[in-house]
Amino acid sequence: MSSWDYPAPFTLQVTVTDSDIDNLNHTNNAVYVRWCEETAWAHSESLGLSISDSLSLNRAFAITHAEYDYLMASFVNENLIIGTWLIRSDGKLRLERGFQVVRTSDRRTILRARWQLTCINIETAKPCRMPEAFSKTYLPVLVDSGNN
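Residues numbered from 1 in each chain as written. Predicted model: local features only at pLDDT ≥ 70, side-chain atom pairs only at ≥ 80, totals over all residues. Heavy atoms only, no water.

**Student:** What should I look at first to understand the overall build of the chain in this one?
**Tutor:** Looking only at helices and strands, the chain has three helices and five strands in total. Shown N-terminal to C-terminal, the secondary structure of the chain runs as helices and strands in the order β-α-α-β-β-β-β-α. Its C-alpha atoms give the chain a radius of gyration of 16 Å, near enough to 15 Å, the size a compact globule of 148 residues would have. Each of the three principal axes of the chain carries a C-alpha extent, and together these read 45 × 30 × 25 Å. The proportion of buried residues among the 148 residues of the chain is 43%. Sequence-distant contacts in the chain: of pairs separated by 6 or more residues, those separated by 24 or more amount to 70%. Of the roughly 7,900 Å² of accessible surface on the chain, 49% is carried by carbon and sulfur atoms. (Helix = DSSP H or I, 4+ residues; strand = E, 2+ residues; numbered from the N terminus. Rg over C-alpha atoms; globule rule 2.2 N^0.38 Å. Buried < 20%, exposed > 50% of the residue type's maximum accessible area, 1.4 Å probe, protein only. Contact = heavy atoms within 4.5 Å. Areas by Shrake-Rupley, 256 points an atom, 1.4 Å probe, with all protein chains shown as cover.)

As structure tokens, then:
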């Protein structure tokens, strides 16, 4: 039986569809990447920061490093839960986000992922300090605040 890696994840539920399946008859790896991205944006929106907020601030978090550990396959019609957390931050420029994908039928973890993110100026794509709106929204929900 699987449990969440950290308490109280933000979650999205998905059902694997025919279009998610690759030539090996299981969910294509790129689909997990897309689901993680969709979950991250939904989490941010749930905290009160949307993509339009990022655009108006001319700031966003860009992925500078991503790791995906594909532990088990998933198949068409399986129900999955994608959980995410903001794990740690330096409080100025960097943020780390974790993901866990769990199959609902047996609660087995089928994927774990981590993103290292850097705040950037959207126009220049150069790193910059996170704006106050980001720090006020994201830093209070870090699950590993002892390492920020």
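**Student:** It is not clear to me how the pairing of strand E3 (residues 79-89) should be interpreted in this structure. Could you clarify?
**Tutor:** Across a regular strand the side chains alternate sides, sitting on one face of the sheet and then on the other. Counting buried positions over the eleven residues of E3 gives nine, a clear majority of the element. In this structure, strand E1 (residues 10-15) lies alongside E3, joined through six bridges in antiparallel fashion. Bridge assignment links Gln13 to a residue of E3, and that residue is Ile81. Here nine bridges tie E3 to strand E4 (residues 94-103), and the two strands are oriented antiparallel to one another. By the bridge assignment, Ser89 is partnered in E4 with Leu95. Counting the residues in the hairpin turn of E3 and E4 gives four residues, including Gly91, whose phi is positive at 80°. (Pairing = 2+ DSSP bridges.)

**Student:** How should I be thinking about helix H1 (residues 29-47) in this particular structure?
**Tutor:** Residues separated by three or four positions in an α-helix point in the same direction, a consequence of the helix having 3.6 residues per turn. For H1, spanning 19 residues, the distance from its first C-alpha to its last is 28 Å, which sits close to the expected 27 Å at 1.5 Å a residue. Taken together, the buried positions of H1 are Val31, Tyr32, Trp35, Cys36, Thr39, Ala40, His43 and Ser44. Check the buried side of H1 and you find it contacts E1, strand E2 (59-70), E3, E4, strand E5 (109-121) and helix H3 (132-138). Where H1 begins, the capping side chain belongs to Asn28, and its oxygen is found 2.7 Å from the backbone nitrogen of Ala30. In the segment just after H1, Gly48 is the residue with positive phi, at about 110°. (Expected span 1.5 Å × (residues − 1). Polar contact = N/O pair within 3.5 Å; in protein donor to acceptor, adjacent residues only side chain to side chain.)

**Student:** How should I be thinking about the pattern of salt bridges in this particular structure?
**Tutor:** Side-chain pairs of opposite charge can arise whenever the charged atoms involved come near each other. Counted under the stated rule, the structure contains eight salt bridges. Between Arg88 and Glu96 there is a salt bridge, and its shortest N-O distance comes to 3.0 Å. Judged by relative accessible area, Arg88 falls into the partly exposed class, the value being 24%. The partner of Asp106 in a salt bridge is Arg103, with the nearest N and O atoms 3.1 Å apart. Looking at Asp106, the relative accessible area reads 28%, which means it is partly exposed. Each member of the salt-bridge network shares a partner with another, and the members are Asp20, Arg34 and Glu38. (Salt bridge = Lys/Arg side-chain N within 4 Å of Asp/Glu carboxyl O.)

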